[in-house]
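# Architecture at a glance
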Amino acid sequence: MNEKIRVDNLTFYYGDKPAIKNISLSVRENSVLALIGPSGCGKSTFIRCLNRMNDIIPNTRTEGDILIDNESITGNRYDITGLRRRVGMVFQKSNPFPKSIYENIAYGLKINGLKNRYEIESIVEQSLKSTALWDEVKDRLNESAMGLSGGQQQRLCIARTIAVKPEIILMDEPASALDPISTQKIEELIQDLKAKYTIVIVTHNMQQAARVSDYTAFFYIGDLIELNSTDVIFTKPDLEMTENYITGKFG
């Protein structure tokens, strides 16, 4: 399986304080990498480096390198807009636009220059089907997305993300605000999506990491402590610290 993302000695500073330190790892194409660790340990900072979302925060800087398909994305001349098309992001709190269900997905397509109405309609339908939402909303596409349940809104945000055909999807605790049934739907969706996308997910839920991911990385106070296949991390980690975190002795 090909390497999709490679991170070499990545350090990210807020002011003079490093939030993550010398992180090196790679993510295989069409796999799911889960990032676990206590709050404030650098997981969200790390995934926001992968689409340069942190660039908008003043007084920050990055050292090291990030490569997607062996191409560095960290230089000043790199096309950030193009990067964010390739690397979609789903946030902890669902954030649909205050528009219709249809327009939530069509909007990004139009901004990217797609004008053919039939093509837009086809992509809207396909994106909603891909997120198992089509049957629930096909008769109310012109209604406000704000009328959907929390779980439906989050799946709509995922549909909106995949409509513009990214290669990588970043998910920052996508199910933390959802009820168990909606969470299960999101987890099943992640399993389906990895056939087409490479996924990096931040989660506080150990069981969720074990269920959805192929690989798990344990972060602690800005350091990458251990990275291995999820089976190994959860059954026979190399480090006692990892085992202590997973078994709830701290964190």
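Criteria and cut-off values
Residues numbered from 1 in each chain as written. Predicted model: local features only at pLDDT ≥ 70, side-chain atom pairs only at ≥ 80, totals over all residues. Heavy atoms only, no water. Pairing = 2+ DSSP bridges. Helix = DSSP H or I, 4+ residues; strand = E, 2+ residues; numbered from the N terminus. Contact = heavy atoms within 4.5 Å. Axes fitted to C-alpha atoms, helices over the stretch in contact; angles between N-to-C directions. Buried < 20%, exposed > 50% of the residue type's maximum accessible area, 1.4 Å probe, protein only. Patch = residues over 30% accessible without salt bridge, like charges linked within 9 Å, V, L, I, M, F, W, Y side chains within 5 Å. Areas by Shrake-Rupley, 256 points an atom, 1.4 Å probe, with all protein chains shown as cover. Salt bridge = Lys/Arg side-chain N within 4 Å of Asp/Glu carboxyl O.

### Describing the sheet that holds strand 4 (residues 60-68)
As summarised here, the arrangement of the 4 strands in space is 2-1-4-5, forming an open sheet in which the pairing is antiparallel. Looking at strand neighbours, the two that pair on one side only are strand 2 (17-28) and strand 5 (71-72), the edges of this open sheet. Two elements, strand 1 (residues 3-14) and strand 4, share 8 bridges in a ladder whose sense is antiparallel. Bridge assignment links Ile5 to a residue of strand 4, and that residue is Ile68. Lying on the sheet, helix 1 (residues 43-50) is in contact with strand 1, strand 2 and strand 4; it crosses strand 1 at an angle near 120°.

### Quick notes on the pairing of strand 6 (residues 87-90)
Residues Val87 and Met89 of strand 6 are buried on one face, and the alternating residues Gly88 and Val90, pointing to the opposite face, are buried as well. Inspection of the sheet shows strand 6 paired to strand 7 (residues 168-172) by 4 bridges, in the parallel sense. Opposite Met89, over in strand 7, you have Leu170 as the bridge partner.

### What to know about a nonpolar patch on the surface
Where nonpolar side chains cluster on the molecular surface, the patch consists of Tyr14, Ile56 and Ile57 and spans about 280 Å² of accessible area. Mapped onto the fold, Ile57 is located in the loop between helix 1 and strand 4.

### Quick notes on the sheet that holds strand 3 (residues 32-36)
Spatially, 6-7-8-3-9-10 is the arrangement adopted by the 6 strands of the open sheet, whose pairing is mixed. The open sheet has two free edges, formed respectively by strand 6 and strand 10 (223-229), since each of these has just one partner strand. Each neighbouring strand pair of the sheet contributes to a mean axis angle of 15°, computed without reference to strand direction. Of the strand pairs in this sheet, strand 9 (residues 215-220) and strand 10 are connected by 6 bridges, and their pairing is antiparallel. Across the sheet, Tyr215 pairs through a bridge with Ser229, a residue of strand 10.

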